[in-house]
Amino acid sequence: MKTFEELGVAANIRRAIEEMGYENPMPVQEEVIPYLLGETTDVIALAQTGTGKTAAFGLPVLQKINVKENVPQALILCPTRELCLQIASDLADYSKYIDNLRVLPVYGGSSIESQIKSLKRGVHIIVATPGRLIDLINRKTVNLGDVKHVILDEADEMLNMGFMDSIDEILSKVPDSRQMLLFSATMPKEVAKITKKYMESPKEITIGRKNESTSTVKHVYYMVHAKDKYLALKRIADYYPDIYGIIFCRTRRETQEIADKLIQDGYNADSLHGDLSQAQRDYVMQKFRIRNLQLLVATDVAARGLDVDSLTHVINYGLPDDIESYTHRSGRTGRAGKTGTSIAIVHVKEKGKIREIEKMINKKFEQGTIPSGEAICEKQLFSLVDRIEKVKVDEEEISNLLPSVFRKLDWLEKEDIIKRVVALEFNRLIEYYRDADEIESPTERSSRDRDDNSFPRRRDRDQRPNGRGAERGYSRLFINIGRTDNVNPATLMGLVNDFVPEKVNIGRIDIMQNFSFFEVPEKDAQKVIKSMSRQEQNGRRISVEVAQGGGSDRGSDRGGNRDGDRGGRGNFGASRSDRGQQRRNSDSRSKSSSRPSDKDKGHRKGRKPKFS
Ligand code: AMP
């Protein structure tokens with residue numbers, strides 16, 4: 001293995017990265033750095049996130065910048081705001097000892113004026129998401145005529161997100177003589193097309209095998225009936241008491257529903273998806289980064305910007321439509337030399353997809369068995385014992401209380417005390433699981449007889465507490481704005497009046513923290529949905545849909561409730577502030593040692609957030 005010095009990295013950059021703890025180059029850096037420092041040909045690097053690719057392109061590009069020329073000389077394009085900020089911040093760290101070098105992150109969702117001001121002052125490197133850069137190009141506030149290096153980071157993600165046209169437009173503004181670098185975790189056809197179109201005899205560097213998933217990741221699938229998916233998820237979460245992971249769902253709606261159910265069941269979980277505002281997403285991501293949150297339920301797109309190295313698990317709540325996304329999902333665990341597990345909870349019809357993924361990642365899945373109640377109890381028990389062993393005792397703080405505690409327990413033997421501590425924590429858990437049905441693994445035949453809902457059947461959902469529907473003759477609608485967006489009943493009525501051409505009677509309104517519900521006559525529901533969806537309110541795109549179980553109260557298939565913040569989008573829709581309260585409640589309940597059960601949906605008391 002070579003050192004950074006042997007790779008040709010300049011002393012002022014080495015000093016900065018040594019301070020950051022980079023002792024030796026990572027494989028992608030060893031491959032890419034000397035090539036970029038020495039050559040001007042184009043390079044394609046197939047590397048996953050977390051492999052050290054930012055420094056692989058960042059260090060040589062920084063070294064090649066001439067700070068005396070006050071113009072953009074390098075352009076880095078990436079798919080998300082979060083990655084953009086991450087790259088810019090890494091480059092700022094690497095260039096700590098290069099005087100006057102300026103890096104500007106350019107991304108949507110923040111003030112364009114301040115970005116224009118910085119551009120006018122002069123920058124050397126622009127790190128941009130394509131949409132905002134196009135905006136700046138159109139305003140003629142950025143000139144790419146002196147760019148010598150273009151880096152497309154996470155090219156496959158950018159194309160997945162529909163940035164092809166923007167990339168075309170941006171590259172047409174950059175001189176043909178530029179050197180181009182393309183980083184991608186996978187090489188789907190669309191990426192191959194870009195390389196053909198824009199790169200000349202590129203040097204291809206592959207870290208690991210093409211399309212191969214990280215070798216430190218174990219892949220496990222659990223096959224269950226569609227109706228059991230959520231119960232299986234809970235059992236898996238229960239079986240790994242120290243789990244710190246992302247649960248990937250396919251749609252925003254499913255993401256919210258699963259997160260709400262988990263929260264209601266007492267797990268330390270939250271959701272991340274595109275119906276949340278940027279501020280809400282930042283808040284959730286930060287909570288997850290600092291491990292105040294154990295389970296993050298997310299869509300693929302929303303999770304893209306999240307840079308977390310130490311996930312123990314990635315859970316696929318169903319497989320993604322596009323199997324390439326599986327590589328991205330699973331690549332989020334097993335990073336930085338750690339091992340991780342990528343779990344897929346699948347229906348029997350998805351077995352073919354499992355085989356396809358195995359071919360793509362060049363690795364076999366293990367078939368897991370959903371843990372039995374007994375196994376979960378045992379696992380939790382040992383986790384408790386482990387915590388008792390390792391807990392840090394603050395002698396000083398408890399010294400005053402201890403004598404009376406000792407006096408009170410004086411009559412008990414050590415073994416008795418241990419038994420009681422264990423019983424205190426576990427009686428309820430054991431009791432719940434004792435009578436819980438084990439989850440049956442489907443055979444191909446039995447599954448054909450069942451429906452393929454990706455969520456528990458309506459009948460099961462209607463068993464939730466407090467289930468009620470809309471007023472007779474009315475439909476209950478969900479809208480993705482709430483108190484956080486300064487919405488109150490009057491503003492919501494105003495919005496309906498503004499956006500729906502004809503007059504509509506509005507029934508009950510429930511404003512939640514991040515979303516709301518309102519009822520309109522059944523005959524007007526579709527008109528309201530059509531007129532309001534995709535409109536904007538304070539820069540936020542509105543989405544309106546029929547609430548889960550949102551019809552009127554006549555049939556059995558009705559959901560929603562009227563308990564203000566406890567209601568909503570099915571009955572899972574506790575607001576974010578309520579979730580905090582639920583967590584606090586759950587913390588205090590944990591002291592009285594209740595525990596979860598599959599039977600006891602919605603009452604998984606006693607889980608202690610491990611990270612708070
Ligand atoms: P990246 O793939 O660029 O997101 O990098 C993944 C992680 O590895 C980041 O936390 C980097 O700070 C870290 N990293 C990158 N290069 C090195 C290195 N040579 N030695 C130690 N850590 C590194």
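Remember, predicted model here, so these are calculated numbers, not experimental data. (Residues numbered from 1 in each chain as written. Predicted model: local features only at pLDDT ≥ 70, side-chain atom pairs only at ≥ 80, totals over all residues. Heavy atoms only, no water.)

### Digging into the packing of aromatic side chains
Under the convention used in this document: A pair of aromatic rings is counted whenever rings of Phe, Tyr or Trp (Trp by its six-membered ring) have centres within 6.5 Å, and the orientation is called stacked for planes under 30 degrees apart, edge-to-face for over 60 and tilted otherwise. Think of it in three bands: residues with accessible area under 20% of the maximum for their type are buried, residues over 50% are exposed, and the middle band is partly exposed, with areas taken using a 1.4 Å probe on protein chains only. Placement of a positive charge over a ring is assigned whenever Lys NZ or Arg CZ falls within 6 Å of the ring centre and within 35 degrees of the normal to the ring plane.
For the coordinates displayed, the defined rule picks out 9 aromatic pairs. Aromatic side chains Tyr-239 and Tyr-240 sit 5.2 Å apart centroid to centroid with 80° between the ring planes, which places their arrangement in the edge-to-face category. A residue is classified by how much of its surface remains accessible, and Tyr-239, at 25% relative accessible area, is partly exposed. With a centroid separation of 5.9 Å and an interplanar angle of 85°, the aromatic rings of Phe-515 and Phe-517 are classed as edge-to-face. The pair formed by Phe-515 and Phe-517 is uniform in burial state, with each residue classed as buried. Positioned above the aromatic ring of Tyr-244 is the side chain of Arg-291, whose terminal nitrogen or guanidinium carbon lies 4.1 Å from the ring centre. Over the ring of Tyr-239 we find Lys-379; its NZ or CZ atom is 4.0 Å from the centre of that ring.

### Considerations on the layout of surface pockets
Where we set the bar: For cavity detection a 1 Å grid was placed over the protein atoms alone, and a set of points counts as a cavity when a 1.4 Å probe fits there but cannot get out; an open set counts as a pocket when protein lies on both sides within 12 Å along at least five of seven lines, with lining residues being those that have an atom within 4 Å of a point. Grid points are joined across faces, edges and corners, and a volume is the space filled by probe spheres set on the points. Numbered from the N terminus, helices here are DSSP runs of H or I no shorter than four residues, and strands are runs of E no shorter than two. In this count, Pro and Cys sit with the nonpolar residues alongside Ala, Val, Leu, Ile, Met, Phe, Trp and Tyr, while Asp, Glu, Lys and Arg are called charged and the others, Gly among them, polar.
Empty space within the largest pocket amounts to approximately 1400 Å³. In this structure, the largest pocket is lined by 44 residues; those nearest its centre are Met-161, Arg-252, Gly-274, Arg-281 and Val-301. Those elements that place two or more of their residues in the lining of the largest pocket are α5 (81-94), α7 (130-138), α12 (252-264), α13 (278-289), α14 (300-303), α15 (324-330) and β19 (540-541). For the lining of the largest pocket, the element with the highest residue contribution is α14, accounting for 3 residues. Looking at the lining of the largest pocket, its residues break down into 9 nonpolar, 16 polar and 19 charged. Looking at the second largest pocket, it is lined by 23 residues, and the ones nearest its centre are Ile-388, Val-391, Val-393, Ile-417 and Val-421. Mapped by element, the contributors of at least two residues to the lining of the second largest pocket are α17 (373-390), α19 (402-409) and α20 (414-435).

### Topic: the sheet that holds strand β15 (residues 474-479)
Inclusion rule: We treat two strands as partners when DSSP finds at least two bridges between them. Here the axes come from fitting lines to C-alpha atoms, over the contacting stretch only for helices, and the angles between their N-to-C directions go from 0 to 180 degrees. Whether two residues touch is decided by their heavy atoms; if any such pair falls within 4.5 Å, the residues are in contact.
Strand order in this open sheet of 4 strands is β16-β17-β15-β20, and the pairing throughout is antiparallel. Either end of the sheet is taken by a strand with one partner, and the two such strands are β16 (509-511) and β20 (544-546). Across this sheet, the average inter-strand angle for adjacent strands is 30°, counted without regard to direction. Pairing analysis gives 3 bridges linking β15 to β20, with the strands arranged antiparallel. Along β20, the bridge assignment pairs Ile-479 with Val-544. Running over the sheet, helix α23 (residues 489-499) touches β15, β16 and β17 (516-521) and is turned about 120° from β16.

### Some words on the site of the ligand
Where we set the bar: Nearness is defined per residue: one heavy atom within 4 Å of the molecule or strand is enough. Any pair of N or O atoms that falls within 3.5 Å is considered a polar contact. Within protein, one atom must be able to donate a hydrogen and the other to accept it, and sequence-neighbouring residues count only if both atoms are side-chain atoms. To be clear on the numbers: accessible area is Shrake-Rupley with a 1.4 Å probe, and residue cover counts the displayed protein chains and nothing else.
Every residue lining the ligand is accounted for by Phe-4, Tyr-22, Asn-24, Pro-25, Met-26, Gln-29, Gly-50, Thr-51, Gly-52, Lys-53, Thr-54 and Asp-309. Contact between the ligand and Gly-52: an oxygen atom at 2.8 Å from a main-chain N or O atom of the residue. Between the ligand and Lys-53 there is a distance of 3.3 Å, counted from an oxygen atom to a backbone nitrogen or oxygen. Expressed as a share of its isolated accessible area of 490 Å², the protein-covered part of the ligand is 76%. By residue class, the composition of the shell around the ligand is 4 nonpolar, 6 polar and 2 charged.

### Focus: the environment of Asp-498
The residue Asp-498 is located in helix α23 in this model. When its relative accessible area of 62% is taken as the criterion, Asp-498 is described as exposed. Taking the C-alpha atoms as reference points, Asp-498 and Met-532, separated by 34 residues in sequence, lie 9.0 Å from one another.

### What to know about a negative patch on the surface
Put simply, the test is: What goes into a patch is any residue over 30% in relative accessible area without a salt bridge, connected to like charges within 9 Å or, for nonpolar side chains (Val, Leu, Ile, Met, Phe, Trp, Tyr), within 5 Å. For this analysis, a salt bridge means a side-chain nitrogen from Lys or Arg found within 4 Å of a carboxyl oxygen belonging to Asp or Glu. For this count, His and the chain ends are skipped, Lys and Arg are scored as positive, and Asp and Glu as negative. Positions of charges follow a simple convention, taking NZ of Lys, CZ of Arg, CG of Asp or CD of Glu.
On the surface, Asp-394, Glu-395, Glu-396 and Glu-397 cluster together into a patch of negative charge. Tracing the backbone through its elements, the reader meets Asp-394 in the loop between α17 and α18 (395-398). You can call Asp-394 partly exposed: its relative accessible area is 44%.

### Comments concerning empty space enclosed by the protein
Selection rule: Segment limits for the domains were obtained from an automatic or database-derived domain assignment.
In this structure the tally under the stated criterion is 1 cavity of 30 Å³ or more. Taken as a whole, the largest cavity holds about 50 Å³ of empty space. As for the largest cavity, its lining consists of 10 residues, and the residues nearest its centre are His-273, Asp-275, Leu-276, Asn-514 and Phe-515. If you count residues domain by domain, the lining of the largest cavity takes at least three from each of domain 2 (217-367) and domain 3 (474-595).

### Topic: the side chain of Arg-81
As for its placement among the helices and strands, Arg-81 is situated in helix α5. Within polar-contact distance, the side chain of Arg-81 engages the side chain of Asp-282 at 3.2 Å. When near neighbours in sequence (up to four residues on either side) are disregarded, Arg-81 contacts Tyr-107, Gly-108, Thr-129, Gln-278 and Asp-282.

### Here's the deal with the nonpolar core
Filter applied, for reference: In this description, a nonpolar core means a group of buried Ala, Val, Leu, Ile, Met, Phe, Trp, Tyr and Cys residues linked to one another through side-chain atoms lying within 4.5 Å.
Membership of the largest hydrophobic core comes to 37 residues, with the highest contact counts inside it found for Ile-125, Val-127 and Phe-183. Ranked by size, the runner-up nonpolar core spans 36 residues in total, among them Leu-136, Ala-155, Phe-163 and Leu-171.

### Topic: α13
Selection criterion: Expected span, for any helix, means 1.5 Å times one less than how many residues it has. The directions considered for the arc are those from the helix axis to the C-beta atoms.
For α13, spanning 12 residues, the distance from its first C-alpha to its last is 16 Å, which sits close to the expected 16 Å at 1.5 Å a residue. All buried positions along α13 are accounted for by Gln-280, Val-284, Met-285, Lys-287 and Phe-288. Burial along α13 is one-sided: seen end-on, the buried residues are contained in an arc of 160°. One or two residues past the end of α13 sits Arg-291, with phi positive at roughly 65°.

### Quick word on the sheet that holds strand β3 (residues 103-106)
The 7 strands are arranged β3-β4-β2-β5-β6-β1-β7 in an open sheet whose pairing can be described as parallel. Taken across any chain shown, the strands that pair with only one partner, and hence form the sheet edges, are β3 and β7 (203-206). Direction aside, neighbouring strands of the sheet carry axes that sit 15° apart on average. Both strand β1 (residues 43-46) and β7 contribute to a ladder of 4 bridges, which runs parallel. Within the sheet, the bridge partner assigned to Ala-45 lies in β7 and is Ile-205. This element, helix α4 (residues 53-64), spans β2 (74-77), β4 (125-128), β5 (149-152) and β6 (179-184) of the sheet and lies at about 165° to β6.

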